[in-house]
Amino acid sequence: MRMTSLLTSRFFSASTKKLAQKLLGKIVCVRHGKKVLRGRIVETEAYIGVKDKACHAFGHRRTKRTESLYQPAGFSYVYLIYGMYYCFNVVTCSKGDPQAVLIRALTAVDNDDELLAQGPGKLCRALRINKRHDQKHLLDPRSGIWLEDDGYQVSQSQIDKGPRIGVDYAEEAAKWPLRFYIKGHPDVSRSKNKSKPKT
DNA sequence: TCCGTGATTTCC
DNA sequence: GAAATCACGGAC
């Protein structure tokens, strides 16, 4: 029997960029009645706040949607994109500093699990995450959505990084290497974990 | 590669 | 009000 624990507020006392890496290997849990859906994080992106053009809270933009980003570390931020897909983020930093880590891909925790969760939209579909999981405490299972650590270790040498996906509009910020993933993992989205071969 | 799809935000 | 925008994914 594996020993699992919840993440603590102590875990979050690090930069968003650091947390994007620390979250790799951790487990996202969502309760649906008696069932709990789980997935292990294998790909993340950091959104580093008011100076990050790719971040929804760039320039202190504060709307009904981005309100969750202004919560303290450990809150969730779930929003709808392209009219069809939900994206799940973990808020970082202190209250009022709008930074977050986007969870981009999950893999099955148990070998016999079938989990289709490569990409932020698919991931939310797989765990049935939606708007009602927005602005929840991820450190408390009573929220219905939380994070766990089962001791699975991801070493620094297993982590690769690159530019974030789908943020071309963000000018210079689009090139920042704020996307982190487990090197060569089959469930990293769009097989962008392989460097593009030249012809 | 191209485009569906609709909430959110921004532009008058 | 109306128009533009968009942290995507799947069909070609």
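Above this text is the structure in question.
All values derive from a computational prediction rather than experimental measurement.

How each quantity is defined
Residues numbered from 1 in each chain as written. Chains lettered and ligands numbered in written order. Predicted model: local features only at pLDDT ≥ 70, side-chain atom pairs only at ≥ 80, totals over all residues. Heavy atoms only, no water. Near = heavy atom within 4 Å. Polar contact = N/O pair within 3.5 Å; in protein donor to acceptor, adjacent residues only side chain to side chain. Core = buried A, V, L, I, M, F, W, Y, C linked by side-chain atoms within 4.5 Å. Buried < 20%, exposed > 50% of the residue type's maximum accessible area, 1.4 Å probe, protein only. Helix = DSSP H or I, 4+ residues; strand = E, 2+ residues; numbered from the N terminus. Contact = heavy atoms within 4.5 Å. Salt bridge = Lys/Arg side-chain N within 4 Å of Asp/Glu carboxyl O. Pairing = 2+ DSSP bridges.

Peer 1: Could you give me a rundown of the protein's contact with DNA strand B, with the residues and numbers involved?
Peer 2: Taken together, the neighbourhood of DNA strand B is formed by Arg61, Thr63, Arg65, Leu80, Tyr82, Gly83 and Met84. Each atom of DNA strand B within 4 Å of the protein belongs either to a base or to sugar and phosphate, the latter forming 72%. Residue Thr63 places a side-chain N or O atom 2.4 Å away from a phosphate oxygen belonging to DNA strand B. Measuring from a phosphate oxygen of DNA strand B, one finds a side-chain N or O atom of Arg65 at 3.2 Å.

Peer 1: Run through the nonpolar core, naming residues and quoting values.
Peer 2: Core analysis: the biggest nonpolar cluster contains 36 residues, and Phe88, Leu106 and Ile129 have the highest contact counts within it. Within the residue set of this core, elements represented by two or more residues are α1 (16–22), β2 (27–32), β3 (35–47), β5 (85–92), β6 (99–107), α2 (120–127), β7 (145–149) and β9 (179–182). Counting residues in each nonpolar core, the second largest holds 17 residues, with Ala54, Tyr79, Ala100 and Ala173 among its members.

Peer 1: Give a detailed account of unusual backbone geometry, specifying residues and quantitative values.
Peer 2: With a phi close to 55°, Tyr82 is a non-glycine residue in the positive phi region. Non-glycine residue Gln135 carries a positive phi angle of around 55°. Turning to its location among the elements, Gln135 is positioned in the loop between α2 and β7. By relative accessible area, which is 34% here, Gln135 ends up partly exposed.

Peer 1: Which residues make up the protein's contact with DNA strand C, and what values do they have?
Peer 2: Close to DNA strand C lie 18 residues; Tyr79, Leu102, Gly121, Gly166 and Tyr169 are nearest. The sugar and phosphate moieties of DNA strand C supply 62% of its atoms located within 4 Å of the protein. Between a phosphate oxygen of DNA strand C and a side-chain N or O atom of Tyr82, the distance comes to 3.3 Å. A distance of 3.0 Å separates a base nitrogen of DNA strand C from a polar side-chain atom of Asn89.

Peer 1: Let's hear about the environment of Arg128: which residues, and what values?
Peer 2: Summarising the element assignment, Arg128 is placed in the loop between α2 and β7. As a C-alpha pair, Arg128 and Ala73 span 55 residues in sequence and 23 Å in three-dimensional space. Excluding residues that lie within four positions of it along the chain, Arg128 makes contacts with His32, Leu37 and His133.

Peer 1: Quick one: what's the story with the pattern of salt bridges, residue by residue and with numbers?
Peer 2: Counted by the stated rule, this structure contains ten salt bridges. Note that Glu43 and Arg179 form a salt bridge whose closest N and O atoms lie 2.6 Å from each other. Placement of the pair is Glu43 in strand β3 and Arg179 in strand β9, with a sequence separation of 136 residues. Each member of the pair Glu43 and Arg179 is classed as buried. Between Asp52 and Arg164 there is a salt bridge, with the nearest N and O atoms lying 2.7 Å from each other. A residue pair is termed long-range when its members are at least 10 positions apart, and Asp52 in the loop between β3 and β4 (76–81) and Arg164 in the loop between β8 (159–162) and β9 qualify at 112 residues. Exposure remark for Asp52: the relative accessible area of 0% places this residue in the buried category. Residues participating in the shared-partner salt-bridge network are Glu43, Glu45, Arg104 and Arg179.

Peer 1: Give a description of the pairing of β2 that names residues and reports values.
Peer 2: Summarising burial for β2: five of the six residues are buried, a large majority. With four bridges connecting them, β2 and β7 associate as antiparallel partners. The residue bridging Ile27 from the neighbouring strand is Glu148, located in β7.

Peer 1: Account for the side chain of Gln71, naming residues and giving values.
Peer 2: Relative to the helices and strands, Gln71 is located in the loop between β3 and β4. With relative accessibility at 13%, the residue Gln71 sits in the buried group. Beyond its immediate stretch of four places on either side in the chain, Gln71 contacts Val91, Ser94, Lys95 and Gln135.

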